[in-house]
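Structural characterization, general
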Amino acid sequence: MGKTLYDKIYDSHVIFTQEGELPTLYIDRQLVHEVTSPQAFSGIEAAGRRLHRPDLHLATIDHDISTREQTLEACSPMAREQINALLANTKKFGVKFFGFGDDNQGVVHIIGPQTGFTLPGTTLVCGDSHTATHGAFGALAFGIGTSEVEHVMATQTLKQGRLKTMKIECTGRLQQGVYAKDLILAIISKLTTAGGTGYAVEFCGEAVRALSMEGRMTLSNMAIEFGAKAGMIAPDETTFAYLKGKMYAPKGEEFEEACEYWKTLKSDEDAHFDATVTIDASTLEPYVTWGTNPGQGAPISALVPFPHDFADVTEQKSCQKALEYIALRSGDPLIGTPVDYVFIGSCTNGRIEDFREAAKVLKGHKIAPNIQLALAVPGSGLVKRIAEEEGLDKIFKDAGFEWRNPGCSMCLAMNDDKAPPKVRVASTSNRNFVGRQGKDSRTHLMSPATAAACAIKGCLCDVREFL
Amino acid sequence: MQKFTEHTGIVVPLDSANIDTDQIIPKQFLLAVDRNGFGKHLFHDWRYLDEEETKPNPDFNLNKKVFAGASILLARDNFGNGSSREHAPWALMGYGIRAVIAPSFADIFYNNALGNGLLPLKLTKEEVDKLFVEVNKEPGVSITISLVNCTVKLRDLTFNFTLDEFRRHCLLEGLDAISLTLEHEDEIARFEKNMESWKAHGVTP
């Protein structure tokens, strides 16, 4: 029988399997950031160890830095301590570090791809659950905890059992105004937040093939939001064209050689998947979430659900709790719900294409008077620079947005970009958990274009009226 | 890693599914560079009425006298979903929790717990239901978990559970995963020698 994409990469990375143990996999790449690495570095140091391959690591700062100013002084004292620890640790252990002011400083999951550090056929990990993003290149990429970060630092390996495999086939083409973000929100709503637990997922089908690398990364990024550790997409010409010429990607003949191998990285015709899901992408509308987990989403034209719409008792309870928290009434239309803040950015939607799409909607408009704060936060120094070269920053600023510096920002609100209690945020990030963007804040997840439209209207709305 | 062989303790119920890592330990407490001190912030948003953590929420189970000193947590499906933060098991362990019983766990949390000597114990939905009934009938009741026999006992109720044999062995012995792997340095070096050149290029500072 044939092999799946996941099995091909998994099998080619098994170093050894000790009797009675999980197989030990070689890890080709590790991304490092300030929040989940200090304890790993100090563990290495305490045990008198060194990094086995410091050159297969890449570090930057993103989670808790200020997006107002690119200085240590603008960060909180505790954030400063973490940033200084990362600076000192990367220096001591010989790891490449991208700091303030560099094109390659920014959200780790944007830095890996834009530098060509992320490559098809590799295993890539990071102490962050959204590491699934890199699966868009046909890499086996997943988030790990700090002890595992330390294990990779010390050994360049991880013990990993084989995951089950799930194929998610997206047939048809997305309509105008419907993006990768809408597709993934629709998938998560269909599968629920735990539907992918224990699986490595492969996204495929016409709609996925038609996506740019940016769109594919948005899709893979949120695999973890339905519980799947990895969300992979077979590499193709779109992937190769994106990687060609990137700083750390192979060059010349070596690139051609690599491409030949990468072309074999697809699931065989007769490969067996443990589960298969099909979704018709051509009928999808823009999606938004109405609840407090990413699986609680609906097409923009839908009404707020009733708890009894759900068959499962746990889901019913969860719906009720979510509606109380987010202050929506069952039966009301989602469209028209007033919004207070708008956030465009994050590892889900902080890439250049995201700002281009949002700018297309915003051009010539102003944000509504009831919008108290609208933030545009590019995912990296490079994204920011390109956007500025294209004049996008001007469109955002003219509309009334604040144009900030790269970082995770209000996606997780670890820095000072927070939403106050009861404030409703139209957000392009990935989690709408209780308190995620600030204590008692209310999050609606959506695409950058929809977020831009919500900023103009001051409420949840259908972006297609602007296109 | 702290060993886990057998443990008896008070079980505290948290009757919710999808208890995510943002609830277990909110992000403002991730601003630390060591592994200690997270226990006092465990379930911060539920446990306290104020940001400064001076006013405990009397309605939250962990704050009820009857559950004082609880060391086993009982919850519903998909416990620990969300972020990869290992601060979640650190906070649970820091508070004194040694095991979490639920019908299912999120993958990353599950791994992180096992790597820290915190036992994520899977029972069936029906068994978890039964435990909730018993604990609600007699709040403050203790249960005994044996990793040697893979059993959970509450008075005359006994449930069996399973855990991957290697994981179980590591927990029982409190083994350090890195030392175990470093015994295979030669195999790792051999693997690296055969790596394709396009992949082997490293990044220099």
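Residues numbered from 1 in each chain as written. Chains lettered and ligands numbered in written order. Predicted model: local features only at pLDDT ≥ 70, side-chain atom pairs only at ≥ 80, totals over all residues. Heavy atoms only, no water.

1. A few points about the overall build of chain A
Counted only if it meets this: Strands are runs of DSSP state E lasting at least 2 residues, helices are runs of H or I lasting at least 4, and numbering of each runs from the N terminus. Between buried and exposed lies partly exposed: a residue is buried under 20% and exposed over 50% of the maximum accessible area for its type, with that area taken using a 1.4 Å probe on protein chains only. Contacts are assigned to residue pairs that have any heavy atoms within 4.5 Å of one another. Only the protein chains shown count as covering a residue, and every accessible area follows the Shrake-Rupley method with a 1.4 Å probe. Charge counting treats Lys and Arg as positive and Asp and Glu as negative, with His and both chain ends excluded. Taken as the charge centre is NZ of Lys, CZ of Arg, CG of Asp or CD of Glu, depending on the residue.
The secondary structure content of chain A amounts to 16 helices and 19 strands. Once the C-alpha set of chain A is aligned to its principal axes, its extents read approximately 55 × 55 × 45 Å. The burial tally for chain A puts 67% of its 467 residues in the buried class. In chain A, of all internal contacts separated by at least 6 residues, the share reaching a separation of at least 24 is 76%. On chain A, roughly 14,900 Å² of surface is accessible, and the fraction owed to carbon and sulfur atoms is 51%. Taken as two groups, the 48 positive and 57 negative side-chain charges of chain A have centres that lie 3 Å from each other.

2. Points about the domain arrangement of chain A
Residues and elements named next belong to chain A. Our working rule: Boundaries of every domain are those given by an automatic assignment or by a domain database. The quantity reported as buried area is the accessible area (1.4 Å probe) lost by two parts once they are put together, taken as the sum for both.
Domain parsing of chain A yields domain 1 (5-262) and domain 2 (289-466). With centres defined by C-alpha atoms, the gap from domain 1 to domain 2 works out at 24 Å. Carbon and sulfur atoms make up 54% of the area that domain 1 and domain 2 hide from each other, which totals about 3,500 Å². Counting the surface domain 1 buries against domain 2, the share from its top three residues, T67, I110 and K181, is 19%.

3. Describing the pairing of strand β4 (residues 119-122) of chain B
Consecutive side chains along a regular strand alternate between the two faces of the sheet. Residues and elements named next belong to chain B. Condition: At least two DSSP bridges between two strands are required for those strands to pair. Looking down the strands as they point away from you, a crossover is right-handed if its path from the first strand over the helix to the second goes clockwise.
In terms of strand pairing, strand β3 (residues 99-102) meets β4 through four bridges, oriented parallel. Residue pairing in the sheet places A99 in a bridge with L119 of β4. Assessed by its sense of winding, the connection that carries the chain from β3 through helix α4 (residues 107-114) to β4 is right-handed.

4. Things to note about the packing of aromatic side chains
Worth spelling out the cut-off: Within 6.5 Å between ring centres, the rings of Phe, Tyr and Trp (the latter by its six-membered ring) count as paired, and their orientation is classed by plane angle as stacked under 30 degrees, edge-to-face over 60, tilted in between. Whether a charge sits over a ring depends on NZ of Lys or CZ of Arg being within 6 Å of the ring centre and within 35 degrees of the ring normal.
Counted according to the given criterion, the structure contains 21 aromatic pairs over all chains. With centroids separated by 5.9 Å and ring planes inclined at 85°, the aromatic side chains of F255(A) and W262(A) adopt a geometry described as edge-to-face. Comparing F255(A) with W262(A) shows no difference in burial state: the two are buried. Note on W262(A) and W198(B): the rings are 5.3 Å apart at their centroids and 85° apart in plane angle, and the pair reads as edge-to-face. In this pair, W262(A) is assigned in helix α10 (residues 252-262) and W198(B) in helix α9 (residues 197-200), connecting two distinct chains. Through a chain of ring-to-ring contacts, the aromatic side chains of F240(A), F255(A), Y261(A), W262(A) and W198(B) assemble into a single cluster. In this structure, K246(A) is placed above the aromatic ring of Y242(A), and the distance from its NZ or CZ to the ring centre is 4.2 Å.

5. Some points on the interface of chain B and chain A
As a reminder of what qualifies: Should a side-chain nitrogen of Lys or Arg be within 4 Å of a carboxyl oxygen of Asp or Glu, the pair is scored as a salt bridge. The residue classification treats Ala, Val, Leu, Ile, Met, Phe, Trp, Tyr, Cys and Pro as nonpolar and Asp, Glu, Lys and Arg as charged. All others, Gly included, are polar.
Listed by partner, the interface residues are 58 residues for chain B and 86 residues for chain A. Around 5,600 Å² of area is buried between chain B and chain A when both sides are counted, 56% of it from carbon and sulfur atoms. Interface area lost by chain B to chain A is led by L31(B), W198(B) and V203(B), which between them contribute 15%. Counting across the interface, chain B meets chain A through six salt bridges. A salt bridge links D22(B) to R436(A), with the nearest nitrogen and oxygen atoms 3.2 Å apart. Contributions of two or more residues to the side of chain B that touches chain A are made by α1 (21-24), α3 (87-95), α4, α6 (165-173), α7 (177-182), α8 (185-193) and α9 of chain B. At five residues, α7(B) tops the list of elements feeding residues into the side of chain B that touches chain A. When grouped by side-chain class, the residues that make up the side of chain B that touches chain A number 21 nonpolar, 20 polar and 17 charged.

6. Examining the side chain of D28(A)
Inspection of the secondary structure puts D28(A) in the loop between β2 (24-26) and β3 (29-32). Looking at D28(A), the relative accessible area reads 0%, which means it is buried. Apart from residues no more than four positions distant in its own chain, D28(A) is found in contact with H13(A), L56(A), G121(A), T122(A), T123(A), Q156(A), M195(B) and K199(B).

7. Looking at helix α15 (residues 392-399) of chain A
All names here are of chain A. What counts, and what does not: This arc describes the spread of directions from the helix axis toward the C-beta atoms.
Buried residues of α15: L392, D393, I395, F396 and A399, and no others. Here the buried residues of α15 occupy an arc of 160° about the axis, which is enough to place them on one side. On its buried side, α15 packs onto β15 (341-344), α13 (352-362), β16 (373-376), α14 (381-389) and β17 (402-403). Where α15 terminates, the next one or two residues include G400, which has phi positive at roughly 115°.

8. Observations concerning the pairing of strand β1 (residues 6-13) of chain B
Residue and element names in this part refer to chain B. Note that β1 and strand β5 (residues 142-146) share five bridges and pair antiparallel. Bridge pairing in β5 places I10 opposite S142. Bridge analysis of β1 against strand β2 (residues 72-74) gives three bridges, and the strand direction is parallel. Its bridge partner being in β2, P13 is matched across the sheet by L74.

9. Some remarks on the environment of L92(B)
Residue and element names in this part refer to chain B. Take L92: it is sitting in helix α3. When the C-alpha atoms of L92 and D107 are compared, they prove to be 17 Å apart, with 15 residues separating the residues in sequence. Not counting chain neighbours up to four residues away, the residues in contact with L92 comprise I24, L42, F43, L73, F79, I97, V100, F109 and L118.

10. Concerning the pattern of salt bridges
Residue and element names in this part refer to chain A. Applying the stated rule across the entire model yields 43 salt bridges over all chains. We note a salt bridge from E225 to R431, for which the minimum N-O separation is 3.1 Å. Placement of the pair is E225 in the loop between α8 (213-221) and β11 (230-232) and R431 in the loop between β18 (424-427) and β19 (442-445), with a sequence separation of 206 residues. Neither residue differs from the other here; E225 and R431 are each classed as buried. Its salt-bridge partner being E402, residue R404 comes within 2.7 Å of it at the nearest N-O pair. Each of the salt bridges in this network shares a partner with another, and the network as a whole consists of K3, D7, D11 and R162.

11. Notes on the side chain of T165(A)
Residues and elements named next belong to chain A. Counting through the fold element by element, T165 comes out in strand β9 (residues 164-171). Judged by its relative accessible area of 4%, T165 falls in the buried class. Residues within four places of T165 in sequence aside, it is in contact with T4, Y6, D7, Y199, A200, H272, F273, D274 and A275.

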